[in-house]
Amino acid sequence: MLEFELKNVDFGKNNGLVPAIIQDEVTQKVLMLGYMNQEALDKTLKEKKVTFFSRTKNRLWTKGETSGHFLYLKSISLDCDQDALLIKVTPDGPTCHTGTDTCWNEENHGKIYFLQQLSNVIKSRKNNPDEKSYTSSLFAKGTNKVAQKVGEEAVELVIEAMDNNDELFKNEAADLLFHLLVLLEQKNIELDEVLDVLIKRHK
């Protein structure tokens, strides 16, 4: 959910402009750096597509207006000095004008951070049950049932591993990951706590 207070941005320190760091919401990759004035920020919030102020062209420009590779707005946050923006987006294609994914010539791959977003959704289903939600129904059945589902999905994954259907294998792997996240939430254990164990083992 996009929540942002326009009145808090300090545009007075740099001739009416503030730097805007653009970050992919899912991969967490920094895609580019641009600048915004008040009008660019207003337009971005209104249209949900990131618009900058071009210092070279001296006008507003919406990223993707020529290429079609828009940056779809997901959230905005303000730094501690209130003079820089962090804007999380969903990019529609490469971000840099050179055709690369980022302005640092990096590939924008790796969706591992989506697991944290999914964990947050699962937590919400637990704390705010919805009778139409499959996830909420799992929590309602208790720890034993959730653990049983993890076991069932693990067995199904092993069975698919013996076959040569990669699509079915990936689907079973996704099912196992999802139900494992549900079990972690049922046990009130954060995903980061499990990752900490892996990190310590890696050292």
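Throughout, residues of each chain are indexed from 1 in the direction in which the sequence is written. Whole-chain, interface and lining totals are the exception, using all residues; otherwise, since this is a predicted model, local features are given only for residues with pLDDT of at least 70 and side-chain atom pairs are given and counted only at 80 or more. To obtain the side-chain values, all non-hydrogen atoms of the structure were included, while hydrogens and water were left out.

## Quick notes on the packing of helix H2 (residues 114-127) against helix H5 (residues 166-186)
Next, step 1: Note on definitions: angles span 0 to 180 degrees between N-to-C directions of axes, and those axes are lines fitted to C-alpha atoms, for helices only across the stretch in contact. Secondary structure elements are defined from DSSP: runs of H or I of at least 4 residues count as helices, runs of E of at least 2 residues count as strands, and each element is numbered from the N terminus. Two numbers describe how H2 lies on H5: the axes approach to 10 Å, and their chain directions differ by 55 degrees. Put simply, H2 runs oblique to H5. The handedness of the crossing between H2 and H5 comes out as right-handed. Along the contact surface, H2 presents Leu115, Leu118, Ser119, Ile122, Lys123 and Lys126, while H5 presents Phe178, Leu181, Val182, Glu185 and Gln186. Orientation is classified from the angle alone, with under 35 degrees giving roughly parallel, over 145 giving roughly antiparallel, 65 to 115 giving roughly perpendicular, and any other angle giving oblique. Note on convention: the crossing is left-handed when the near helix lies turned anticlockwise from the far helix by less than a right angle, right-handed when the turn is clockwise. Here, two residues are considered to be in contact whenever any of their heavy atoms come within 4.5 Å of each other.

## Details of a nonpolar patch on the surface
Next, step 1: Residues Ile21, Val30, Leu33 and Trp104 make up a contiguous nonpolar surface patch of roughly 350 Å² in combined accessible area.
Next, step 2: Following the sequence through the fold, Ile21 ends up in strand E1 (residues 18-24).
Next, step 3: Partly exposed describes any residue whose relative accessible area lies between the buried limit of under 20% and the exposed limit of over 50%, with all areas from a 1.4 Å probe on protein chains only and scaled to the type maximum. Relative accessible area serves as the criterion here: at 35%, Ile21 is assigned to the partly exposed category. Each patch is built from residues lacking any salt bridge and having more than 30% relative accessible area; the joining distance is 9 Å for like charges and 5 Å for nonpolar side chains (Val, Leu, Ile, Met, Phe, Trp, Tyr). Reported accessibility uses the Shrake-Rupley method at a 1.4 Å probe radius. Residues are deemed covered only where the shown protein chains occlude them. Salt bridge criterion: a side-chain nitrogen from Lys or Arg within 4 Å of a carboxyl oxygen from Asp or Glu.

## As for the pairing of strand E4 (residues 59-62)
Next, step 1: Two strands pair when backbone bridges link them, and strand E3 (residues 51-54) and E4 are joined in this way by 4 bridges, in the antiparallel orientation. From the neighbouring strand, Phe52 faces E4, where its bridge partner is Trp61.
Next, step 2: Whether two strands pair depends on DSSP finding at least two bridges between them. Between E3 and E4, which pair antiparallel one after the other, the connecting turn spans 4 residues, and Asn58 there sits at a positive phi close to 55 degrees.

## Side note on the domain arrangement of the chain
Next, step 1: Split into domains, the chain comes out as domain 1 (1-91) and domain 2 (112-202).
Next, step 2: What counts as a domain boundary in this text is fixed by an automatic or database domain assignment. The distance between the C-alpha centroids of domain 1 and domain 2 comes to 35 Å.

## Points about helix H1 (residues 38-47)
Next, step 1: Of the residues making up H1, those classed as buried are Ala40, Leu41, Thr44 and Leu45. Here the buried residues of H1 occupy an arc of 130 degrees about the axis, which is enough to place them on one side. Facing away from the buried side of H1, by more than 90 degrees, are the exposed residues Glu39 and Lys46.
Next, step 2: Lining the buried residues of H1 we find strand E2 (30-36), E3, E4, strand E5 (71-78) and strand E6 (85-91).
Next, step 3: Backbone geometry just downstream of H1 places Lys48 in the positive-phi region, at approximately 65 degrees. This arc corresponds to the set of directions leading from the helix axis out to the C-beta atoms.

## Some thoughts on the state of the cysteines
Next, step 1: In plain terms, two cysteine sulfur atoms within 2.5 Å form what is called a disulfide here. According to the stated counting rule, one finds 0 disulfides in the structure shown.
Next, step 2: Here Cys103 is not cross-linked by a disulfide; its sulfur's nearest cysteine counterpart is in Cys96, at 3.9 Å.

## Re the environment of Ala140
Next, step 1: Residue position: Ala140 is located in helix H3 (residues 134-141).
Next, step 2: Judged by relative accessible area, which is 71%, Ala140 ranks as exposed.
Next, step 3: Remark: the alpha-carbon pair of Ala140 and Leu73, spanning 67 residues in sequence, is separated by 35 Å.

## Here's the deal with H5
Next, step 1: End to end, H5 covers 30 Å across 21 residues, agreeing with the expected 30 Å (1.5 Å per residue, within 8%).
Next, step 2: Taken as a whole, H5 has its buried residues at Glu172, Phe178, His179, Leu181, Val182, Leu183, Leu184, Glu185 and Gln186.
Next, step 3: If you follow the buried residues of H5, they end up packed against H2, H3, helix H4 (143-161) and helix H6 (191-202).
Next, step 4: Put simply, Asn165 is the residue that caps the front of H5, since its side-chain oxygen is 3.2 Å from the backbone nitrogen of Glu167.
Next, step 5: Asn188, located one to two residues past H5, shows a positive phi value of around 60 degrees. Under the convention used throughout, the expected extent of a helix is 1.5 Å for every residue step, that is, one less than its residue count. Counting of polar contacts relies on pairs of N or O atoms within 3.5 Å, with two restrictions inside protein: one atom must be capable of donating a hydrogen and the other of accepting it, and residues adjacent in sequence are counted only when both atoms are side-chain atoms.

## Considering the nonpolar core
Next, step 1: Definition used in this section: a nonpolar core is a set of buried Ala, Val, Leu, Ile, Met, Phe, Trp, Tyr and Cys residues joined via side-chain atoms within 4.5 Å. Counting 19 residues, the largest nonpolar core has Ile22, Met36, Leu85 and Ile87 as its most contacted members.
Next, step 2: Broken down by secondary-structure element, the contributors of at least two residues to this core are E1, E2, H1, E5 and E6.
Next, step 3: Within the second largest apolar cluster, 12 residues are counted, among which are Leu115, Val146, Phe178 and Leu184.

## Considering unusual backbone geometry
Next, step 1: Of note, the phi angle at Gln82 is positive, near 65 degrees, even though the residue is not glycine.
Next, step 2: Gln82 sits in the partly exposed class, given a relative accessible area of 35%.
Next, step 3: The phi dihedral of Asn105 is positive, around 60 degrees, even though this residue is not glycine.
Next, step 4: For Asn105, the position within the fold is in the loop between E6 and H2.
Next, step 5: Among the residues examined, Asn105 registers a relative accessible area of 62% and is labelled exposed.

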